[in-house]
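Residue-level structural notes
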Number of protein chains: 2
Amino acid sequence: MADKKKRKRSKDDEAEELPFKSILEPDAVILELFKSYVSSSIKAAAGAGGASSSSSKPLTLADLSLSSSCREVADLSLSSVQTEIETVIVQIARSILAGDGFSFNVPSRAASNQLYVPELDRIVLKDKSTLRPFASVSSVRKTTITTRILALIHQLCLRKIHVTKRDLFYTDVKLFQDQTQSDAVLDDVSCMLGCTRSSLNVIAAEKGVVVGRLIFSDNGDMIDCTKMGMGGKAIPPNIDRVGDMQSDALFILLVEKDAAYMRLAEDRFYNRFPCIIVTAKGQPDVATRLFLRKMKMELKLPVLALVDSDPYGLKILSVYGCGSKNMSYDSANLTTPDIKWLGIRPSDLDKYKIPEQCRLPMTEQDIKTGKDMLEEDFVKKNPGWVEELNLMVKSKQKAEIQALSSFGFQYLSEVYLPLKLQQQDWL
Amino acid sequence: MADKKKRKRSKDDEAEELPFKSILEPDAVILELFKSYVSSSIKAAAGAGGASSSSSKPLTLADLSLSSSCREVADLSLSSVQTEIETVIVQIARSILAGDGFSFNVPSRAASNQLYVPELDRIVLKDKSTLRPFASVSSVRKTTITTRILALIHQLCLRKIHVTKRDLFYTDVKLFQDQTQSDAVLDDVSCMLGCTRSSLNVIAAEKGVVVGRLIFSDNGDMIDCTKMGMGGKAIPPNIDRVGDMQSDALFILLVEKDAAYMRLAEDRFYNRFPCIIVTAKGQPDVATRLFLRKMKMELKLPVLALVDSDPYGLKILSVYGCGSKNMSYDSANLTTPDIKWLGIRPSDLDKYKIPEQCRLPMTEQDIKTGKDMLEEDFVKKNPGWVEELNLMVKSKQKAEIQALSSFGFQYLSEVYLPLKLQQQDWL
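- Under the annotation held in an unreviewed UniProt entry, chain A carries the name DNA topoisomerase 6 subunit A and is attributed to Camelina sativa.
- The UniProt entry for chain A carries the following comment under Subcellular location (unreviewed entry): "Nucleus".
- Quoted verbatim from the Subunit (unreviewed entry) heading of the UniProt record, the comment on chain A is "Homodimer. Heterotetramer of two TOP6A and two TOP6B subunits."

Topic: the nonpolar core
- Core analysis: the largest hydrophobic core is formed by 94 residues, its most contacted members being Leu214(A), Phe291(A), Met295(A), Leu214(B), Phe291(B) and Met295(B).
- Counting residues in each nonpolar core, the second largest holds 78 residues, with Val209(A), Ile344(A), Phe407(A) and Val106(B) among its members.

Concerning the sheet that holds strand E1 (residues 70–71) of chain B
All names here are of chain B.
- Spatially, the 3 strands line up as an open sheet ordered E1-E4-E3, and their pairing is antiparallel. Every interior strand has two partners, whereas the edge strands, E1 and strand E3 (114–117), have only one.
- Bridging between E1 and strand E4 (residues 122–126) involves 2 bridges; their strand directions are antiparallel. Within E4, the residue paired with Arg-71 across the bridge is Leu-125.

Re the pattern of salt bridges
- One pass over the structure, following the stated rule, counts 58 salt bridges over all chains.
- Its salt-bridge partner being Asp308(B), residue Lys257(B) comes within 2.8 Å of it at the nearest N-O pair. In this pair, Lys257(B) sits in the loop between strand E13 (251–255) and helix H8 (258–266) while Asp308(B) sits in the loop between strand E15 (303–306) and helix H11 (311–322), placing the two residues 51 residues apart along the sequence.
- Taking the relative accessible area as the measure of exposure, Lys257(B) reaches 22% and is therefore partly exposed.
- Take Asp308(B): its relative accessible area is 3%, and that puts it in the buried class.
- Salt-bridge contacts for Asp425(B) lead to Lys420(B); the nearest nitrogen and oxygen are separated by 3.0 Å.
- Taken together, the shared-partner salt bridges connect Arg345(A), Asp348(A), Lys351(A), Glu388(A), Lys420(A) and Asp425(A) into one network.

Notes on the packing of aromatic side chains
All names here are of chain B.
- Applying the stated criterion to the full structure yields 28 aromatic pairs over all chains.
- Considering the side-chain rings of Phe-34 and Tyr-37, the 5.8 Å spacing of their centres and the 55 degrees angle between planes classify their relative orientation as tilted. Here Phe-34 and its partner Tyr-37 are both found in helix H2 (residues 27–47), 3 residues apart, which amounts to about one turn of the helix. Both residues of the pair, Phe-34 and Tyr-37, count as buried.

Re helix H3 (residues 78–97) of chain B
All names here are of chain B.
- Taking 1.5 Å per residue as the helical rise, H3 with its 20 residues ought to reach 28 Å, and the 29 Å between its terminal C-alpha atoms agrees with that figure.
- Of the residues making up H3, those classed as buried are Leu-78, Val-81, Ile-85, Val-88 and Ile-92. All buried residues of H3 project into a common sector of 90 degrees when viewed along the axis, lining one side. In H3, those exposed residues whose orientation departs by more than 90 degrees from the buried face are Gln-91, Arg-94 and Leu-97.
- Where the residues of H3 are buried, they touch strand E2 (103–107), helix H4 (140–159) and helix H7 (179–193).
- With its phi angle positive at about 80 degrees, Gly-99 sits one or two positions after the end of H3.

Parameters at a glance
Residues numbered from 1 in each chain as written. Chains lettered and ligands numbered in written order. Predicted model: local features only at pLDDT ≥ 70, side-chain atom pairs only at ≥ 80, totals over all residues. Heavy atoms only, no water. UniProt positions renumbered as here; feature names shortened; annotations may be inferred. Core = buried A, V, L, I, M, F, W, Y, C linked by side-chain atoms within 4.5 Å. Buried < 20%, exposed > 50% of the residue type's maximum accessible area, 1.4 Å probe, protein only. Pairing = 2+ DSSP bridges. Helix = DSSP H or I, 4+ residues; strand = E, 2+ residues; numbered from the N terminus. Salt bridge = Lys/Arg side-chain N within 4 Å of Asp/Glu carboxyl O. Phe/Tyr/Trp six-rings, centres within 6.5 Å; stacked < 30°, edge-to-face > 60°. Expected span 1.5 Å × (residues − 1). Arc of directions from axis to C-beta. Contact = heavy atoms within 4.5 Å.

Dropping the structure here:
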């Protein structure tokens, strides 16, 4: 206790009364605790036969003997994509010359063709596919669109440039009519060619930012994320030009919201507890998901998630963790295995004595979403998550990360997160 | 012509047929043309008595003899904000001791108290203000909220940290009830203290990114925006920690949309034509507006805007240029004078032969917004803008920046923008 008294206190006297501040150990102790957690979890993973993601050889679809065969896509180089497209077109030319007509064989992306694989902890596509013939009234339009998209992607391969989905749509508005049509066919084309959408050089808008103990190259420029001020570095939209990741961080802190990110960036939390802080500012976008996965895979760091205590916070966690249904064919490349739910968890509301007026009543829709989530495989496989979600649905209360501000603006960075690390309180 | 034929062509043969590609001069010629434009416009401004924003002494409210007196706020240091708050509170204590009770004198931010000043080309507040007494049923709540916000801002001054509006709301949900109430009083407090909202250390979420020929410091770190890959640098939320801007750019290119920004960033357009490229990804946020203004003021560069050809594109331009009505008290600090409308302009649709199918019909709401804009002072003072907007409303057609992709993905960076610069085609 004497030791703790000597620690530098905030000028504010009321800080003494902050819940749990008094039980915080010195930073060095917390860091040692964390390091021993990391090394023990690596050992445990090795003991479990290398099945965990922390080990050097993660499981792939091919390692499993599944009853139904499944389909996954891979990151392909631009020249491979080009070759794949040319192969498809040559096949079709042969089919036409042989008198068998013109049709594409397109993998089905429907929900009925999706499968959650517990061993991989993500959704994959089963192998059903449908024929898309040109000589049919019902599919002639889609076949034409597919051909056009293939031609456009082929152009991107030749020019070695990236474009957005919106750009793609605008190259032939007359044909595509609206963007949902070109977007859907773009996903079909990814599946057909067996490559990720980012391999097609079609990128989504960038939203995410990263700050902290990370150095990486973006399009040839070396970026040091400890020297990015408070704004941080915008996460590049084209992951294929990101490389050379280096870090002395102990963990990756995945933050749902902008406001919490800014608090931590301004306080340079990553200098007190070496970490990389990343946020997609709400719904995870493809660029941020790819970037998080790349960090996790290359740096082999634990990922701790800080999200709102509501069903959507958990949903966001699930999209990072096991993918969205819409892009399940690409789940191997977009998902980050083994994300830990740090907070704000429903049980934190009482534990941290979040005042009643900072908790919000859940709406009917919230409660329904929460109950639906309880049926999801990725929740069910984690008993701790089920317990927390049950508590949320039962208490009918939710809370944002900002609710911690009721104890002072810096409670998040000065007490809540350090204590979470000290108590290794994640699920 | 012989010279032009020798220029490196795209591999794509169809590029030869791209509209206007054949009349493009070599880059060096375009750059010389642009440099002479800049120097002649500086001379013209000097000749006009230094009234233009390009000169070193921009007009301020104090320079004008307006019939009604107006109110503007200034950037204050944290310690000045602290002093201002303490002054207000001491005055109130004196008033209470003198038996005159407890009330704030709050400037009115209503539309009726706003004035467009053509000489300054922005909206300012007139000097009407209202009393907010504590001892009145109708204002007791607002007076209490005002007091609480003052106390919280005072805390920020002491701790020297930044928080978001959301954080502020969560410090006392019971009192504020919903965030619109704390947000509104926050703007009141800015006006009362006579300082900008960013001086209060309350920041908005960051959205914008910047890339190109700019070096600046963010929270003490030097950032070189030519070395930010394709992702660019996230614009810092707290402008007071941004400084030391240096640049060899010839102009600032303000882009409405993410997709166009990414095209230009990937093509490193700023290396072909030295410029700084900035976008707020849609609606301008406060951080991007402050950043753009700071660049314009410190670097004295022309600002060229690339927005969609629709009423909202022009509206976005107007928010950067002369402010939003909601924050008119802060217009001097948030607005960037003398932004040029480069494109996509309604007249470009025919000039650049944008295919019919890439033009979209305007909705009733679009047309109404367009007509409303024709009544706005900031449009009326620029005859070229009026003409373009009239053309838009008459033709009932709009187009996005991406419509240029119908000529190929790189038409924007390889033909459209260079030609605009060559022909100095902006309004």
